[in-house]
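So you can see what is in the structure, the chains are spelled out below.
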Amino acid sequence: MLLEINNITKVYKKKIRANDNISLSIAEGEVFGLLGPNGAGKTTLVNQIIGLTKPTSGSITLDGVDVIANPGYAREHCSFQAQTQVPISGLSTLQAIELVGRIRGGKKAEVRQRAMDLIDKLDMGEWQKMMGVTISGGVRRLVAFCMAAVTPGKIVILDEPTNDIDPLRRRILWEEVQELARHGSAVLLVTHNVLEAERVVDRLAIIDQGQVKGMGTPARLKEDEGGAMHLELTLEPNQTEPDLPDYLQNPVTVNRRIIARVDPADITKAIEWARGLKESDIIEEFKLGPATLEDIYVRLVQNPDEVEQPGEVT
Amino acid sequence: MPKWLRGYLLMVKWSFLSYRPWLSLNFAVQIGIAIGMIYGLSFFFPAITPDVAKYLTTGAPTLVLLVAGFVIGPQIIASARLEGTFEYIWSLPVGRLSHLAADATVMFASTLPGIVLPVVLGAFHFDFNLDISLLVIPAAVLIAMSGSFLGYSIAFLVPKPMMVMVITQIFSFAVMLFSPVMFPVERLPQWLQSIHQVLPIQYMADLTRGTITDLDVNLGLAFAVVAAWCVIGLFITLIVVNRRQ
């Protein structure tokens, strides 16, 4: 494996345990998702990979090289899009992308070509000459993505790359992420956007409170649900949540939406119950379908408030 | 081209482009301050002699370099820390010292009008002679480097970025009024003179005066003390920028 993370624990001052015995590995050409709510320890893990933070214990190797002892090696081979905005206030979009491409070792002509390709694909031409200080937060994040992708390293780390980006460009950005992997880079994608991640990642780890709660391909994680179904109810406005029957497992309420897991043996009962609520005008609608990655995420993560709504654009 | 040099030059470009929006304004302000300072001295001291004017105006370059290194530099770093800039910059494959050196280079270049203009205008207005030696170049670079490194040490050692802002404000006040840059050290109380025998500030002023005028200054001692502080600043900076949480 290209990146091997073994038993990483990070305890900050005041005994805050940000990472707790995390182990995972990522291969070349793989898109690996790191999913979890805010404060789960995702960014801490990334910061340890690129040498910004030192683990309390455990090991991280990139290409067999110990990057805790050699953080310079990690920075040489990891291109990184930080969660925070990139400091490009005085630079134009094109200058920022080109300059980072060259700092990462790219040749001038090749970097220019690649930068222009990315700008074209993401339809960013109108901002190409605008200075960072004048562009919106969403465009800045697109620029930050291009800065990470212009001269990609062996690993491309993207921390919440689609925040603030419009749905059309998000789609193109995800295609570019997969393109990076096709060209041999390993992509570590850090996000709490479960729905989008499901479509892009080859494998993923769900972490919460610093621990890996589940890991595998999206299909394998769903298999582990044992054929369970996903029941989703949408309450009528101003209706209070009804008493839920015992066979609805791990129920979660997000705004007017109630999501629960249903075992195959209880499906008929669940449909009958939901129909009754619909006829009594307690719920607007209900949906029953195979368990989604979001269901698994919700089940594994203790604090479900961070789960994004389907179709929600943030 | 060696990798470190390539990284340094590209980071100089990054810093220059980053500071570009306020560089022209900064130049204009420095020119305004230089003109105001020289002509303002005539109001403060109507009977100013050329010798006194020479002492005062040749302190200005040191003051500018000190303010750039100890005040503006740390404040820029403090606001960059607040914005999380270093999380990104330090993920790039460029040595952290190269990045800071690139930043300091741009900062130093941006202070050039403030260094040169007061002296030239002062000599013209108060009619005194300058005696510029080639040593002025290493002297200015040494002052700028030691100021920057010591400034970086403060900026990264102080845990809270907001505290850096407060400390640098206090520092600028102390440098302006209680440091022997614009007046001879003998005017200070004995205890403050003793402190300034160890601190680099009066030696920085000596370096400037000794390389642009014929004033009698122990240049060897000044170079030695400022160089020693530069090494101390570099050493602390290396430790603080390379430490990981």
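Details of the structure are given in the entry above.
Now for a description of the structure that goes with this document. (Residues numbered from 1 in each chain as written. Chains lettered and ligands numbered in written order. Predicted model: local features only at pLDDT ≥ 70, side-chain atom pairs only at ≥ 80, totals over all residues. Heavy atoms only, no water.)

Focus: the sheet that holds strand β11 (residues 229-235) of chain A
Residue and element names in this part refer to chain A. Reading across the sheet, the 4 strands line up as β12-β13-β11-β14 and stay open at both edges, with antiparallel pairing between neighbours. Each edge of the open sheet carries a strand with a single partner, namely β12 (248-254) and β14 (283-290). Each adjacent strand pair in this sheet contributes to an overall mean axis angle of 15°, direction not counted. The sheet contact formed by β12 and strand β13 (residues 257-262) spans 5 bridges and is antiparallel. Directly across from Leu 248, in β13, lies its bridge partner Val 262. Here helix α9 (residues 267-279) sits on the sheet in contact with β11, β12, β13 and β14, set at roughly 160° to β14. Of the strands in this sheet, β11, β12, β13 and β14 are in contact with helix α10 (residues 293-300), which crosses β13 at around 90°. (Pairing = 2+ DSSP bridges. Helix = DSSP H or I, 4+ residues; strand = E, 2+ residues; numbered from the N terminus. Axes fitted to C-alpha atoms, helices over the stretch in contact; angles between N-to-C directions. Contact = heavy atoms within 4.5 Å.)

Side note on unusual backbone geometry
Residue and element names in this part refer to chain A. At Lys 14, a residue that is not glycine, the phi angle is positive and equals roughly 65°. Considering the arrangement of structural elements, one finds Lys 14 in the loop between β1 (3-11) and β2 (17-26). Residue Lys 14 is classed as exposed on the basis of its relative accessible area of 79%. Positive phi values are uncommon outside glycine, yet Asp 164 reaches one of about 70°. Looking at where Asp 164 falls in the secondary structure, it is placed in the loop between β7 (155-159) and α6 (167-182). (Buried < 20%, exposed > 50% of the residue type's maximum accessible area, 1.4 Å probe, protein only.)

Quick word on the interface of chain B and chain A
Facing 25 residues of chain B, the contacting portion of chain A comprises 34 residues. Broken down residue by residue, the surface that chain B buries against chain A is led by Glu 87, Tyr 88 and Arg 244 of chain B, which jointly contribute 29%. Counting the contacts that link chain B with chain A gives 1 salt bridge. With a closest N to O distance of 2.9 Å, Glu 76 of chain A and Lys 3 of chain B form a salt bridge. Counting across the interface, chain B meets chain A through 5 residue pairs in polar contact (both at pLDDT 80 or more). (Buried area = accessible area lost by both parts, 1.4 Å probe. Salt bridge = Lys/Arg side-chain N within 4 Å of Asp/Glu carboxyl O. Polar contact = N/O pair within 3.5 Å; in protein donor to acceptor, adjacent residues only side chain to side chain.)

Describing the sheet that holds strand β8 (residues 186-191) of chain A
Residues and elements named next belong to chain A. A sheet is described by the order of its strands in space; here 6 strands give the open sequence β6-β7-β8-β3-β9-β10, paired in mixed fashion. Two strands in the sheet have a free side with no partner beyond their single neighbour: β6 (78-81) and β10 (211-216). Averaged over all pairs of adjacent strands, the angle between strand axes in this sheet comes to 15°, irrespective of strand direction. Summarising the sheet, β7 and β8 pair through 5 bridges and their orientation is parallel. From the neighbouring strand, Val 156 faces β8, where its bridge partner is Val 187.

Topic: the environment of Arg 170 of chain A
All names here are of chain A. Among the structural elements, Arg 170 can be located in helix α6. C-alpha of Arg 170 to C-alpha of Lys 278: the two residues are 108 residues apart in sequence and 35 Å apart in space. One polar contact links the side chain of Arg 170 to the main-chain carbonyl oxygen of Ile 165, over a distance of 3.0 Å.

Some remarks on the packing of aromatic side chains
All names here are of chain B. Within this structure, the stated rule accounts for 6 aromatic pairs over all chains. Through pairs of rings, three or more aromatic residues link up here, namely Phe 86, Trp 90 and Phe 156. The cationic tip of Arg 209 hangs over the ring face of Tyr 55; the distance from NZ or CZ to the ring centre is 3.7 Å. (Phe/Tyr/Trp six-rings, centres within 6.5 Å; stacked < 30°, edge-to-face > 60°. Lys NZ or Arg CZ within 6 Å of the ring centre and 35° of its normal.)

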